[in-house]
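# Structure at a glance
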Amino acid sequence: MLKLEVFEAAPADEDPLLDAEAAEKLRESAYEQGYGAGWQDALAQLRDEDALRQSAALEALQAISFTYNEAHATLEASFMSLTRTLLETLVPEVLRLSLPGLVLESLQQAASRDTRVPLHLYCAPQVRATLEQVVAAVPGLEVQLLDEPSYSEAQVSLRLDDQQNNIDLDSVLAQLQAAFSRQLDLKARKGA
């Protein structure tokens, strides 16, 4: 006769593999291990997130620093360009236009001294007509207006006896331009 294998559950009267106390300890141990593993996973995730935040913050700071340096360099280059343009175009015109006012001020000072000696005013031929109007605005002062072809439109000389007062706005402009050039040279040396 042929014997077949039996797949039935063990009879209830046999000893179970684990008793209730051992099963409870096994369950508690599994719970503690799972609980600990959960905390370890959470801490690892927090460390990873913190590292990502730190990395993102460092990248942002580098971008801000780079942007600041770029902006500063652009602003400085624009300022230098503006200053150069001012010194080449606007300042010479302003100085030329301020010459009549400076001459008027000098003539008024001479008139306040109540001098009877004629004052000699040397100027470039191009500004003679303008300065004639200035001289006419100061009554009671004898002024001889004399052309000096070597003078520019920004230079005059007032002579009274042995005293001489030179107004040389070209020199003022040259000093401003020299100071600007020195600043550019200093910046170029620092950048090199």
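Let me sum up the structure you'll find in this document. (Residues numbered from 1 in each chain as written. Predicted model: local features only at pLDDT ≥ 70, side-chain atom pairs only at ≥ 80, totals over all residues. Heavy atoms only, no water.)

### Notes on helix α3 (residues 169–191)
Because an α-helix packs 3.6 residues into every turn, residues spaced three or four apart end up facing the same way. The criterion, for reference: Here a helix means four or more residues in a row that DSSP labels H or I, a strand means two or more in a row labelled E, and each is numbered from the N terminus. To estimate the expected span of a helix, subtract one from its residue number and multiply by 1.5 Å. Relative accessibility under 20% of the residue-type maximum defines a buried residue, over 50% an exposed one, and the middle range a partly exposed one, all with a 1.4 Å probe and only protein chains included. Should any heavy atoms of two residues lie within 4.5 Å, those residues are counted as being in contact. Pairs of N or O atoms within 3.5 Å make up the polar contacts considered here, provided that, within protein, one atom can donate a hydrogen while the other can accept it, and that residues adjacent in sequence are counted only when both atoms are side-chain atoms.
Here α3 contains 23 residues, and its C-alpha end-to-end distance of 33 Å stays within 8% of the 33 Å for a straight helix at 1.5 Å per residue. Considered for burial, the residues of α3 that qualify are L169, L173 and F180. Here the buried face of α3 lies against α1 (20–112) and β4 (163–168). Measuring from the side-chain oxygen of the N-cap residue of α3 to the backbone nitrogen of D170 gives 3.2 Å; that N-cap residue is D168.

### Overview of the pattern of salt bridges
Defined as follows: One side-chain nitrogen of Lys or Arg within 4 Å of one carboxyl oxygen of Asp or Glu is enough to make a salt bridge.
Overall, the coordinates contain seven salt bridges when judged by the stated rule. For R27, the salt bridge goes to E24, with nearest N and O atoms at 2.7 Å. One end of the pair is R27 and the other is E24, both in helix α1 and three residues apart, which spans about a single turn. For E24, a relative accessible area of 34% puts it in the partly exposed group. Close ionic contact of E153 with R96 constitutes a salt bridge, the shortest N to O distance being 3.8 Å. Taken together, the residues span a long stretch of sequence, with E153 in the loop between β2 (143–147) and β3 (155–160) and R96 in helix α1 at a distance of 57 residues. Through salt bridges with shared partners, one network takes in E93, R96 and E153.

### Side note on the packing of α1 against α3
Applied cut-off: Here, axes are lines fitted to C-alpha atoms. For helices the fit covers the stretch in contact, and angles between N-to-C directions go from 0 to 180 degrees. If an angle is under 35 degrees, it is roughly parallel; if it is over 145, roughly antiparallel; if it lies from 65 to 115, roughly perpendicular; otherwise it is oblique. Each residue is assigned to one class: nonpolar for Ala, Val, Leu, Ile, Met, Phe, Trp, Tyr, Cys and Pro, charged for Asp, Glu, Lys and Arg, and polar for all the others, Gly among them.
With their axes 9 Å apart at the nearest point, α1 and α3 run at an angle of 170° to one another. Compared by their axis directions, α1 and α3 come out roughly antiparallel. Residues E76, M80, T83, R84, L87, V91, P92, L95, S98, L99 and L102 of α1 form the contact with α3, whose participating residues are L169, L173, L176, Q177, F180, Q183, L184 and K187. Across the contact of α1 with α3, the residue classes break down as twelve nonpolar, four polar and three charged.

### Let's talk about the packing of α1 against helix α2 (residues 128–136)
What counts here: Put simply, a crossing is left-handed when the front helix is turned counterclockwise from the back one by less than a right angle, and right-handed when it is turned clockwise.
Orientation of α1 relative to α2, taken along the N-to-C sense of each, is 35°, at an axis distance of 10 Å. In the packing of α1 onto α2, the handedness of the crossing is right-handed. On the side of α1, the interface is formed by P100, V103, L104 and L107, while α2 contributes T130, L131, V134 and V135. In terms of residue class, the contact of α1 with α2 is built from seven nonpolar, one polar and no charged.

### Comments concerning the packing of aromatic side chains
Short version of the rule: Note on aromatic pairs: the rings of Phe, Tyr and Trp (six-membered ring only in Trp) are paired at centre separations within 6.5 Å, and the planes decide the class, stacked below 30 degrees, edge-to-face beyond 60, tilted for the rest. Charge over a ring is defined by NZ of Lys or CZ of Arg lying within 6 Å of the ring centre and within 35 degrees of the ring normal.
If you walk through the whole model with that rule in mind, you get two aromatic pairs. With a centroid separation of 6.1 Å and 20° between ring planes, the pair formed by Y31 and Y35 is classed as stacked. Within this pair, Y31 and its partner Y35 are both found in helix α1, separated by four residues, close to a single helical turn. Residue classification places Y35 among the partly exposed positions, given a relative accessible area of 46%. Seen from their ring centres, Y35 and W39 are 6.4 Å apart, and the 75° between their planes marks the pair as edge-to-face. With Y35 and W39 both in helix α1 and four residues apart, the pair spans about one turn of that helix. Aromatic rings pair up to connect Y31, Y35 and W39 into one cluster. The ring of Y122 has R159 lying over it, and the distance from NZ or CZ to the ring centre is 4.1 Å.

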